[in-house]
Amino acid sequence: MKNFLAFGLGSIVLIASLFLGVAFGTETFSVKEVMAALFPNTHTDSTSFSTTIIQQIRLPRTFLAALCGGLLAGSGAVFQGFFRNPLADSGIMGISSGAALGAVFSALLSANFATPLFAFGGALAAALIVFGASRLHGKYTGTTIIILTGTAASAFFSALTSLLVLLKDRELYKIFVWTLGSFNGKGWNELQFILPVAIIALILLCLCPRNLDLLGGGETSAQALGLNLATTKFLVLGAGSLAAAAAVCTGGTIGFVGLIVPHLLRRLYSPRHQLLIPASILFGASFVILADLIARTAIPPAEIPVGLVTSLAGAPFFVFLLLAAKGESYE
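Residues numbered from 1 in each chain as written. Predicted model: local features only at pLDDT ≥ 70, side-chain atom pairs only at ≥ 80, totals over all residues. Heavy atoms only, no water.

Here's the deal with the layout of surface pockets
Test applied: Cavity means a closed set of points on a 1 Å grid over the protein atoms alone, one where a 1.4 Å probe fits but cannot get out, pocket means an open set with protein on both sides within 12 Å along at least 5 of 7 lines, and lining means a residue has an atom within 4 Å of a point. Grid points are joined across faces, edges and corners, and a volume is the space filled by probe spheres set on the points. For helices the rule is a DSSP run of H or I covering at least 4 residues; for strands it is a run of E covering at least 2, with both sets numbered from the N terminus onward.
By volume, the second largest pocket is sized at about 390 Å³. Every residue lining the second largest pocket is counted, 21 residues in all, and those nearest its centre are Ser-97, Ser-158, Thr-179, Leu-180 and Thr-253. Residue assignment for the lining of the second largest pocket shows that the elements contributing at least two residues are helix H4 (95-108), helix H6 (143-167), helix H7 (172-180) and helix H14 (306-325). At 5 residues, H6 tops the list of elements feeding residues into the lining of the second largest pocket.

Now the structure itself:
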């Protein structure tokens, strides 16, 4: 019953969010105008103002926001399950910063065709740093070591990113805004570019639930039940890193999505990853669509980076979690 409620509500919220993202902005369109643009017929003027804006600007941007949110929330759910820690998130752990460094480095080399590969390399490097540090302390779950290592890795990668941005002075402002998180100016070309990688990442995320549920009882118990820890590590770190990298390529560095969404769903529904990961993808997509809508409409006609919106919501939530956790983990 919980599965039905979670997926049903998640689907309804996502559809509603998609409509809001398409209909509202600097220009607001009616339901009739939106439907005419989405389902054109012989009586529809395909060159009308509303149709052009919806089809060429709003629709791809909203899809990109949904894709980015689903990837971030899914990766957050996977990392929290693997580290058995409610504070594990691609942004806090420095994985998003690593992906951003890789993406900016590819731009410096004018190797845009390889941006997802470079971003994945940066994300995986950051994930391995945090994983290695936690293993040195004999466990996956230490809140302090994850936060400290992630903060250090994030600061290091961000510093390198800033250095590369300065070297790319001709595109300084464009890259700077992108690192703050933004879907401005992105369309169908960007969606087609990242969609194959994003689909692979989402499929890999959905292959993780059984392994993570077994791991939740501890390594010894998981191995007794037949779990291969090496395979699980490879799958989880690879899936989470690829998802974070694809999200960064899609919308830049957007923080706290992977922290807020899985945590709330875990409290509301179930800690079982068979439910948690798909539900996180659905609600994460809606969360970023709505955050992007706020970014576009808060101070019209100007636009603020969507990463600032999620940070304003996520930073207080992170402090609340940090105080409430009191060093506890999922073990």
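Next comes the rest of the write-up.
What to know about a nonpolar patch on the surface
Applicable threshold: Nonpolar side chains (Val, Leu, Ile, Met, Phe, Trp, Tyr) are joined into patches within 5 Å and like charges within 9 Å, using only residues with over 30% relative accessible area and no salt bridge. Each accessible area value is a Shrake-Rupley result obtained with a 1.4 Å probe; residue values ignore everything except the protein chains displayed when judging cover. For this document, the term salt bridge refers to a Lys or Arg side-chain nitrogen within 4 Å of an Asp or Glu carboxyl oxygen.
Taken together, the side chains of Val-31, Met-35, Leu-38 and Phe-39 define a hydrophobic patch exposed on the protein surface, amounting to about 370 Å² of accessible area. For Val-31, the position within the fold is in helix H2 (residues 31-38).

Quick notes on the packing of helix H3 (residues 49-83) against helix H11 (residues 229-251)
What counts is decided by this rule: In this description, a line fitted to the C-alpha atoms serves as the axis of each element, helices being fitted only across the stretch in contact, and the angle between N-to-C directions of two axes falls anywhere from 0 to 180 degrees. Each angle receives one of four descriptions, namely roughly parallel if under 35 degrees, roughly antiparallel if over 145, roughly perpendicular if within 65 to 115, and oblique otherwise. Left-handed is the label given to a crossing in which the near helix is rotated counterclockwise from the far helix by less than a right angle, and right-handed is the label when the rotation is clockwise. Pairs of residues are marked as contacts when any of their non-hydrogen atoms sit within 4.5 Å. Here the nonpolar group is Ala, Val, Leu, Ile, Met, Phe, Trp, Tyr, Cys and Pro; Asp, Glu, Lys and Arg are the charged ones; every other residue, Gly included, is treated as polar.
In contact at an axis separation of 8 Å, H3 and H11 are set at 150° when each is read in the N-to-C sense. Taken together, the axis directions place H3 and H11 in an arrangement best described as roughly antiparallel. In the packing of H3 onto H11, the handedness of the crossing is left-handed. The segment H3 lies against H11, with Leu-64, Cys-68, Leu-71, Leu-72, Ser-75, Val-78, Phe-79 and Phe-82 engaging Lys-233, Val-236, Leu-237, Gly-240, Ser-241, Ala-243, Ala-244, Ala-246, Ala-247, Thr-250 and Gly-251. Tallied by class, the residues present in the contact of H3 with H11 amount to 13 nonpolar, 5 polar and 1 charged.

Section: H11
Rules: One fewer than the residue count of a helix, multiplied by 1.5 Å, yields its expected span. Note on classification: 1.4 Å probe, protein chains only; a residue is buried when its accessible area is under 20% of the maximum for its type, exposed when over 50%, partly exposed between these limits. Polar contact is defined as a pair of N or O atoms within 3.5 Å, subject to the rule that within protein one atom must be able to donate a hydrogen and the other to accept it, and that residues adjacent in sequence are counted only when both atoms are side-chain atoms.
With 23 residues, H11 extends 32 Å from end C-alpha to end C-alpha; this agrees with the ideal 33 Å at 1.5 Å per step. Of all 23 residues making up H11, 19 are buried, and the element is well covered by its neighbours. Capping of H11 at its N-terminal end is provided by Asn-228; its side-chain oxygen lies 3.1 Å from the backbone amide nitrogen of Ala-230. A positive phi of about 85° marks Gly-252, the residue just after H11.

Side note on unusual backbone geometry
Backbone torsion omega between Pro-300 and Pro-301 reads 0°, so that peptide bond is classified as cis. Looking at the secondary structure, you find Pro-301 in the loop between helix H13 (273-297) and H14. Look at Phe-256: it is not a glycine, yet its phi comes out positive at around 75°. By secondary structure assignment, the location of Phe-256 is in the loop between H11 and helix H12 (257-268).

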